[in-house]
Amino acid sequence: MAKWGMVIDLEKCTGCQACSTACAMENNRLPGESWQDVLFYHEGKYPNVKMSWLPRPCMHCENPSCVTVCPTKATYKTADGVVLVDWNKCIGCKYCMIACPYGVRFYSDDKAIIEPDLRKVFAGDGKRSWNPPYRMADASEDATRGIGIQPRGVVSKCTFCYHKISKAPKGVADLDEDNPQTKEHTPSCVRVCAPKARYFGDLDNPDSRVNQLIADKGGVRLKEETGNKPQVYYLSGGGSPVVPGARSSGKA
Amino acid sequence: MTIHDIRTSRRRFLQATGLAGAAATDVLGLGAGLKALAPADAKAQAPAAAAGTKITKSICHQCPARCGIDVYTSNGRVHAIHGSTDHPISNGKLCPKGPLGSYILYDPDRFKQPMKRTNPKKGRNEDPKFVPISWNEALDTVAVRLNGLREKGESHRFALCYGRGWGASCAGLLGTFGSLYGSPNAPIGHSSMCSDSSIFSKKSTDGNGSYNAYDYRNANYLLMFGCGFLEAFRPYNNNMQVWGYIRGEKTPKTRVTAVDVHVNTTLSAADRGLLIKPGTDGALALAIAHVILSEGLWERSFVGDFKDGTNKFRAGQAVNADDFSEKWVKGLVEWWNIELKDRTPKWAAGITTIPERDILATAREFGSTRPAIALFERGAHAHSNGIYNGMAIHSLNALVGSLFAKGGLMYQMGPVYGPLPVTADDYMDDWAKGGAWKNQPRIDLKGHADGYLMANNMLQEVGPNSKAGKPYKLDTIMFYLTNPVWTAPNGQVWEEALKELFVIETSPFPSETAVFADIILPDHTYLERMQDAPTYPFQGYPMMQLRMPAIKPLYDTKYFGDTMIELGKRMKGRMGEYYKALKDTDNVIRHLAKAFEKNPGDNGVNSFETWAEKGVWYKKPYLWQQRNGEFFEWDGKAYAKPMSAEDVGKKLLPTPSGKFEFRSGYLEKNADWIASKTGRSKAKLMFPHWEEPKNPGGGDLYLVTPKTAMHAEGRSGNLPVAIAHMQPTMGGRDTVYVEVNPLTAKAKGITNGAKVKIKSSVGVIEVYARLFEGVRPDTLVLPMEHGHWAHGRWAKGRGPGHSGDVTVNQSDRITGQCLYYTTKVSIERA
Amino acid sequence: MTTSSMSIARPNTVLVIAAIGLVVTLGMAGMNLMAQGHAAFNTNSVGISWGLPIVTYDYFLLTSTGLTLVASLPLVFELKSFQPVAKRCVWLAIAGLVGGVSSLALELGSPIKAISIIWTFQTGSPLFWKVLFVLAHFVLLVVLFARMRGGGPVRGIAAAQFVAALGIALIAGAVYGMMAMRPFWFGGDVPVAFLIESFLGGLAFIIFFSYLAHGFNAQAMPADLRGLFGGALGATFAVVIALHAAFVGARVVTGLWSNAEGLEVWGYISSRPLFHVEIWLGIALPLVLMGSRGTRQNPTMQIAAAVLVMISLLISRYDFIIGGQMVPLFKGSWAPSLLAYVPSTTEWLVFLAAIFLANVVNAYGEWKFDLDGR
């Protein structure tokens, strides 16, 4: 089975947020339900200001702290390495949101951040908390995997576009939008990225490009000190300034 | 910018390559649900999306770049948009606006059918009290009005303003309509409210009145003046693809210096970011030119050299023109003598506030790295000295030999369309040919000595001029893809103007124009349209694209091109006959496509059907290249056919001298008029030179109002997902903030997040402030977003106030450019 | 000893007031929740997901376990001088538990599905253990109370109850203490701090509610109960306040001293006036009042100390739970460096409803079951 992972090249990323809007489109996300988000930071004093940005999907950690804490086992990790939420089991206790170091989870009953509330404009139908005319294809929805529009009172998050990647040909090393065979199976955030700053592939396959990029360009994981060991790696220009955690790199 | 105005004379005749004549396919997929790209080579093609999903070709609508898109429809719903893989601009990718299309299609506030106003009062807060009417009634109402005007001999009092015209089947119909009808004001394009000044800077120097096409991929140095290259510079999607390549893959890595008034993603991602005083980019460019010459860095094969080979350009010292032998430029030494010799980096540092060492370093890098491109648009030229800033910047390209070079910049070849089924000339009646309307000036005084003699358009003046009755008052005005009552600076004047006119709005959305409209003739949204669009300036080779409807129209709307044709049919006399013969836009588009039969595209498109299937016709490469100071034409296999100087002058450098003119013959020709109307010196006005910008408004801080990456040209105002991502640098999620330097804020008692008032001589708005170290202390940056007082439930009333309300309507007298960034305002706690 | 007839009137008044209050607050909260769902709360996904309703739940739950621990003193450890409070402690523990769980039920997204927790055996999750133990705790409380009324053997049940209560307090602490990604909460000391707070709350609550049951008239109380408050229980109260003060001091000082990311919250918390109410009025003053023999014997001082401690524990619980969520995790420019949170009207209503519900249950018990009995 694959162990799906992602590489994000911060040198190429232009901070445009196409990944965020493509995800919102693909997965019918409400404003603020940023399964994929681009985070902006800046520091320094005029005129020497450093601005930086970070695309942030779910990390689909190897040791996900969100999975352990879920009292109903609604959140789980698939055999191919993807962390998903089963909305039929989720009771909305939000402990997983508390336990996630990366802030990637969203509760469906938040106040709307943009008024009027889309959930009132396109009212839900009981199964879904809202029901817009641009809803994803019926065949793609899967509440047991947290794909589609969720009901009220549950937690949702990035699924690595599981409805797409789960249909990829078996044994393929990378899901690349430029390859006609895998284009439709590539996560939307990866597919849309104009500077091609995002890559998606099998971390267990020695031939995959994601592994090669991590090795050649010093891919790092965020917040090593948590021990979660994300499956999303960041390239920052060859440096590798972050010290790998001993646990994550297998030294402890 | 009117795409269809670009020369269509360039034609190519290639051997028909007989690529797999793909059988005509059910491109609308209205039959059985399954539809995939009809593969030319089945093995190379992907398995289509899931069964039951239909993919249609279209072009994104959210900016002029015209990225090809694949529109996914399943279960009768349009639910996803991805970039088309085989499209040269999108290459399977999109910018953040591309995915917004389904939200636009299903916007709950759209007009569902034609409407008629029943409230005679007009105003920002007046409910039009629209009632639905049939298309027949709507079109008849307008036709009666237009016929009436014509009969009274006042056809000039009908104006038709358009913004984002796409191609021959919409905006392309308007010129004929105006000629047949008899109005100089149909159509009036928006280019003066766009980036006309850069067009004039190019026209004045290299003779091409157009935006450039660029070969960024092969450039080794990019010098950007006020370009939001990673935020809004078109074609944005492709620029980002190029960025990923030149900065992440290419060897050697392309180096970038970016100049702007605040730190943004472009400056952050560049190798060097320079913060410049607004309106002084020309000074920086002049200093860079000075260094290039004084340090001997210019490209001798293109520019020429001193006859004895020694560099006589020394700061402060004039040069004898006879000592220099010019190759493809004219007026270099004169320019040096009259302007450049004193424009040292030290001088420029004083003007721009950029440190001298940075100006020197930038100049040396730009001058010694080939190929190098200097690029700019409004950031540098939306100021009173804009045309000269632009000429100075563009001159840098000439100095380093980038014109028409690999890794340099060139111009876009126009569309190669088939002729329409009818010729307008055959249908001109006497009034059209020689009626009194021909003696009337255009309402915006374009082309008039008392107005804007040289400008292409002066859309921003239409409202104010009609209100003032100078040159006259209009009677009826129609709008297509433009909303100047909101987008024009000091739009409050437009509101007064529209109160007096019969207003026709064609937008699908309840825009600010609609609030003042008498009749609504709602267009389809783009995913419902069949519509052609020749490419925006891209990489030079010709490209024509097609939107195919992804879904049957949701409501009783009509494609604008067909609205115009139906209106035309109702015109009395010969004009009506023309439109009856033209039939409809479907007929028009199929005729356009006939050109492909003898001239198939690189991807095999050779008919309307294949055009619809692939979404785009294109033919590479760009036909000309300059190499080491010699020009070559494409001979089918290589750039090997040498061009004569005459040929170069005719096709590539159509200036009076056939060369790049530092001493602009075009400006010199109009010197008397320019001098008398603008007070400029006749000795200098034809050279790129430094001028202090004139800043109206009465305040102490510059107000600059850029677009963000989410700004879908006014169409993002009512999209919650777009609103929620609008200004990520400052966390602008349901509003946008004005960037204020903390020193400035402290002096004015403004804290982070405080509500402030921004005031100028024309108005005042309320905004929330963000203290940001990355903005100059003398400048406020407020993205031009929100502040709508119409346009739908999410747009209406969303703060901040509209930046246009405090922007003084100042235009450049030569180019007509609306000077958005030149107002000076004051700021205080609200 | 039987209940004096003078105390019959009080529970009825409390019962009536609490019942009315419950109907009003629950009704209003219910209406808001029906109309807006949990958007009626001010919690959101930017970072503060657990708000006042969770604070309420934890506060009531730990008070319930604390009362159980107090009841264990006579029932398990055979400290007979504490016998007078045993029955009331158990019933009050039931009341507190009911109030707390009601708050949780209104907070959860889909509470009905929560029954599945029992058979998931997600042993790695502190919440799984908490639910299991709380369920056991409730069942055991009911059985224990029935036995105490009926006169059956109680020691075994009480011992199991003691383990359950101990377990809950430690596990409730572990819910937070195990979160390595939140330095404000992380640590093995947190379960112990929760245990101390729980025991402290139990002592404070039993003092207060015993006096309430007798109309705040010490003379109306049975003599041994009165003596207990001035004697062993009062002294125990003082000692536990001191222990609690030590834990609070350790956390505050360590937090304020440290540079580590995430601990900047301490600077914010300690700058608020309520923090000083918690520390000085809510810990130091009660410590003095219950520490010196003179004031310890004084019923008014006892009640004052109890009330101040009850309030202090609420502030502390609130600051703890909210504080650990105030530093946003990976929100970039979308969030300020410290998130702001104030409970919404509906959240306050839920809090009040829990108080009223608990008091309805307790007042009913005071009325119907002789809680002074042995």
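Quick note: structure is the one above.
Rules and cut-offs
- Residues numbered from 1 in each chain as written.
- Chains lettered and ligands numbered in written order.
- Predicted model: local features only at pLDDT ≥ 70, side-chain atom pairs only at ≥ 80, totals over all residues.
- Heavy atoms only, no water.
- Salt bridge = Lys/Arg side-chain N within 4 Å of Asp/Glu carboxyl O.
- Buried < 20%, exposed > 50% of the residue type's maximum accessible area, 1.4 Å probe, protein only.
- Helix = DSSP H or I, 4+ residues; strand = E, 2+ residues; numbered from the N terminus.
- Expected span 1.5 Å × (residues − 1).
- Contact = heavy atoms within 4.5 Å.
- Axes fitted to C-alpha atoms, helices over the stretch in contact; angles between N-to-C directions.
- Left-handed = near helix turned anticlockwise from the far one by under 90°.
- Nonpolar A, V, L, I, M, F, W, Y, C, P; charged D, E, K, R; others polar.
- Pairing = 2+ DSSP bridges.
- Core = buried A, V, L, I, M, F, W, Y, C linked by side-chain atoms within 4.5 Å.
- Buried area = accessible area lost by both parts, 1.4 Å probe.
- Polar contact = N/O pair within 3.5 Å; in protein donor to acceptor, adjacent residues only side chain to side chain.
- Patch = residues over 30% accessible without salt bridge, like charges linked within 9 Å, V, L, I, M, F, W, Y side chains within 5 Å.
- Areas by Shrake-Rupley, 256 points an atom, 1.4 Å probe, with all protein chains shown as cover.
- Disulfide = S-S within 2.5 Å.
- Phe/Tyr/Trp six-rings, centres within 6.5 Å; stacked < 30°, edge-to-face > 60°.
- Parallel < 35°, antiparallel > 145°, perpendicular 65-115°, else oblique.

Asks: For this particular structure, what's the right way to read the pattern of salt bridges?
Replies: The full count for this structure, using the stated rule, is 80 salt bridges over all chains. The salt bridge partner of D138 of chain A is R135 of chain A, with a shortest N-O separation of 3.2 Å. Classification of R135 of chain A as buried rests on a relative accessible area of 9%. Between K684 of chain B and E339 of chain B there is a salt bridge, and its shortest N-O distance comes to 2.6 Å. Residue K684 of chain B is found in the loop between α26 (671–678) and β26 (701–704), and its partner E339 of chain B is found in the loop between α9 (332–338) and α10 (345–352); the two are separated by 345 residues along the sequence. On the basis of relative accessibility, which here comes to 2%, the residue E339 of chain B falls in the buried class.

Asks: Would you explain helix α11 (residues 273–291) of chain C in this entry?
Replies: Every α-helical turn comprises 3.6 residues, leaving residues that sit three or four positions apart pointing alike. Residue and element names in this part refer to chain C. Here α11 is 19 residues long and its end C-alpha atoms lie 25 Å apart, about the 27 Å a rise of 1.5 Å per residue gives. Along α11, the residues classified as buried are F275, E278, I279, G282, I283, P286, L289 and M290. Buried-residue contacts for α11 involve α8 (223–230), α9 (232–257), α10 (265–270), α12 (293–296) and α13 (299–323).

Asks: Can you help me understand the environment of G101 of chain B in this one?
Replies: Relative to the elements of secondary structure, G101 of chain B occurs in helix α1 (residues 101–105). A relative accessible area of 1% means that G101 of chain B is categorised as buried.

Asks: Explanation requested: the packing of α11 of chain C against α13 of chain C in the structure shown.
Replies: Each packed pair of helices is defined by two parameters, the angle between the axes and the distance between the axes. Residue and element names in this part refer to chain C. Their axes nearest at 8 Å, the elements α11 and α13 cross at an angle of 145°. The element α11 and its partner α13 pack so that their crossing is left-handed. Along the contact surface, α11 presents L274, V277, E278, L281, G282, I283, L285, P286, L289 and M290, while α13 presents M301, Q302, A305, L308, V309, S312, I315, S316 and D319. Split into classes, the residues belonging to the contact of α11 with α13 amount to 13 nonpolar, 4 polar and 2 charged.

Asks: How should I be thinking about the sheet that holds strand β24 (residues 639–642) of chain B in this particular structure?
Replies: The strands that make up a sheet pair up through hydrogen bonds in the backbone, lying either parallel or antiparallel. Residue and element names in this part refer to chain B. The strand order across the open sheet formed by 3 strands is β22-β23-β24, and the pairing between neighbours is antiparallel. Unpaired on one side and paired on the other, β22 (624–627) and β24 mark the two borders of the sheet. Mean inter-strand twist for the sheet, computed between neighbouring axes without regard to direction, equals 50°. By the bridge criterion, 4 bridges tie β22 to strand β23 (residues 630–634) in an arrangement that is antiparallel. Following the sheet pairing, Q625 is matched in β23 by F632.

Asks: When you look at unusual backbone geometry in this model, what are you seeing that I'm missing?
Replies: The bulk of non-glycine residues show a negative phi, and the bulk of peptide bonds are trans. The residue after A186 of chain B, namely P187 of chain B, is reached through a cis peptide bond having omega 0°. Tracing the sequence through the fold places P187 of chain B in the loop between α3 (174–181) and α4 (196–206). Following G799 of chain B, the chain continues into P800 of chain B via a peptide bond in cis, with omega recorded as 5°. Tracing the chain through its elements places P800 of chain B in the loop between β30 (779–781) and β31 (824–829). Unlike most non-glycine residues, F216 of chain C shows phi in positive territory, near 55°. Here F216 of chain C is to be found in the loop between α7 (189–213) and α8.

Asks: How should the environment of P74 of chain C be read in this particular structure?
Replies: Residues and elements named next belong to chain C. Within the fold, P74 resides in helix α2 (residues 52–75). Note: C-alpha distance between P74 and A86 (12 residues apart in sequence) is 7.0 Å. If sequence neighbours within four positions are ignored, P74 has contacts with L79, K80, F82, Q83 and A86.

Asks: What's the story with the sheet that holds strand β20 (residues 543–547) of chain B in this structure? I'm lost.
Replies: Residues and elements named next belong to chain B. On the basis of which strands lie adjacent, the open sheet formed by 3 strands has the order β19-β20-β21 and antiparallel pairing. The outermost strands of the open sheet, each flanked by one partner alone, are β19 (531–534) and β21 (616–618). Across this sheet, the average inter-strand angle for adjacent strands is 15°, counted without regard to direction. Across 3 bridges, the pairing between β20 and β21 is antiparallel. Across the sheet, residue M544 finds its bridge partner in β21, namely W617.

Asks: Help me understand the nonpolar core in this model?
Replies: Buried together is how nonpolar side chains tend to be arranged in soluble globular proteins. One finds F225, L332, F366, L375, L396, I477 and L667 of chain B to be the most contacted residues of the largest nonpolar core, which totals 187 residues. If one sorts the elements of this core by residue count, helix α7 (residues 281–294) of chain B sits on top with 10 residues. In this structure F225 of chain B touches V259, D281, L284, A285, I288, A374, L375, F376, E377, A380, I393 and L396 of chain B, once residues within four positions along its chain are discounted. Counting 123 residues, the second-largest nonpolar core is a separate cluster that includes I48, V309, I321 and A358 of chain C.

Asks: Looking at this structure, how should I read the interface of chain A and chain B?
Replies: By convention, interface size is frequently given as the accessible area that disappears when the constituent parts associate. Residue-level contacts link 55 residues of chain A with 68 residues of chain B. Surface buried jointly by chain A and chain B totals about 5,000 Å² across both partners, of which 60% is contributed by carbon and sulfur atoms. Three residues, M25, Y46 and Y134 of chain A, lead the burial of chain A against chain B; their summed loss comes to 14% of the area buried on that side. In this structure, K12 of chain A and E249 of chain B form a salt bridge, with 2.5 Å as the shortest nitrogen-oxygen distance. Along the contact surface separating chain A from chain B lie 21 residue pairs in polar contact (both at pLDDT 80 or more). Of all the secondary structure elements, the ones that give two or more residues to the side of chain A that touches chain B are α1 (18–26), β2 (37–45), β3 (48–56), α4 (118–121) and α6 (188–192) of chain A.

Asks: It is not clear to me how helix α19 (residues 560–569) of chain B should be interpreted in this structure. Could you clarify?
Replies: Residue and element names in this part refer to chain B. Most of α19 sits inside the fold, with 8 of its 10 residues counted as buried. Listed as buried for α19 are F560, G561, D562, T563, M564, I565, L567 and G568. Each element contacted by the buried residues of α19 is listed here: α2 (135–151), β6 (158–162), α3, β16 (476–480), α20 (574–582) and α21 (585–593).

Asks: What exactly am I supposed to notice about the interface of chain A and chain C here?
Replies: Taken together, the contact between chain A and chain C spans 44 residues of the former and 43 residues of the latter. When the buried surface of chain A facing chain C is broken down by residue, I91, Y95 and I98 of chain A rank first, second and third, together holding 21% of it. Taken together, the links from chain A to chain C amount to 27 residue pairs in polar contact (both at pLDDT 80 or more). Where the side of chain A that touches chain C is concerned, the elements lending two or more residues are β2, β3, α2 (65–69), α3 (95–99) and β6 (106–107) of chain A. With 5 residues, the single largest contributor to the side of chain A that touches chain C is β2 of chain A. A per-class count over the side of chain A that touches chain C returns 24 nonpolar, 9 polar and 11 charged.

Asks: I keep staring at a nonpolar patch on the surface and nothing clicks. Help me out?
Replies: Residue and element names in this part refer to chain C. The grouping of L274, V277, L281, L285, V288 and I311 at the surface amounts to a nonpolar patch, some 460 Å² of accessible area in total. No other element matches α11, which puts 5 residues into the nonpolar patch. Overall, the relative accessible area of 43% leaves I311 in the partly exposed class.

Asks: Looking at this structure, I do not really get the pairing of β31 of chain B. What am I missing?
Replies: Consecutive side chains along a regular strand alternate between the two faces of the sheet. Residues and elements named next belong to chain B. Pairing geometry for β26 and β31, over 2 bridges, is antiparallel. Paired with L701 across the bridge in β31 is V825. Pairing of strand β28 (residues 755–760) with β31, which is carried by 4 bridges, proceeds in the antiparallel orientation. Looking at the pairing, V756 lines up with R829 of β31.

Asks: Sorry, what's going on with the state of the cysteines here?
Replies: Two cysteines, two sulfur atoms, one covalent bond between them: this is a disulfide. Inspection of the entire model under this criterion finds 0 disulfides over all chains. Free of any disulfide, C66 of chain A has its nearest neighbouring cysteine sulfur in C100 of chain A, separated by 6.3 Å. Look at C66 of chain A and you get buried, because its relative accessible area is 9%. Its sulfur unpaired, C227 of chain B is 14 Å from the next cysteine sulfur, which belongs to C194 of chain B. The class of C227 of chain B is buried, set by a relative accessible area of 2%.

Asks: I'm lost on the packing of aromatic side chains in this one. Help?
Replies: By convention here, two paired aromatic rings are described through the distance between centres and the angle between planes. Summed over the entire model, instances satisfying the criterion amount to 71 aromatic pairs over all chains. Between W130 of chain A and Y134 of chain A, the ring centres sit 6.3 Å apart and the planes meet at 70°, which makes this aromatic pair edge-to-face. With respect to class, W130 of chain A is no different from Y134 of chain A; both count as buried. Consider the rings of F160 of chain A and F200 of chain A, whose centres lie 4.8 Å apart with planes at 85°: the pair is edge-to-face. Taken together, the positions of F160 of chain A in the loop between β7 (155–156) and α5 (162–165) and F200 of chain A in strand β8 (residues 198–202) put the pair 40 residues apart, joining distant regions of the chain. The class for F200 of chain A is buried, based on a relative accessible area of 1%. Through a chain of ring-to-ring contacts, the aromatic side chains of Y95 of chain A together with W50, Y176, F184, W185, F194, W266 and F320 of chain C assemble into a single cluster.

Asks: I tried to follow the packing of α2 of chain C against helix α3 (residues 83–107) of chain C on my own but got confused; where do I start?
Replies: All names here are of chain C. Running from N to C, α2 and α3 point in directions that differ by 160°, and their axes come no closer than 7 Å. Put simply, α2 runs roughly antiparallel to α3. In terms of crossing hand, the pair formed by α2 and α3 is left-handed.

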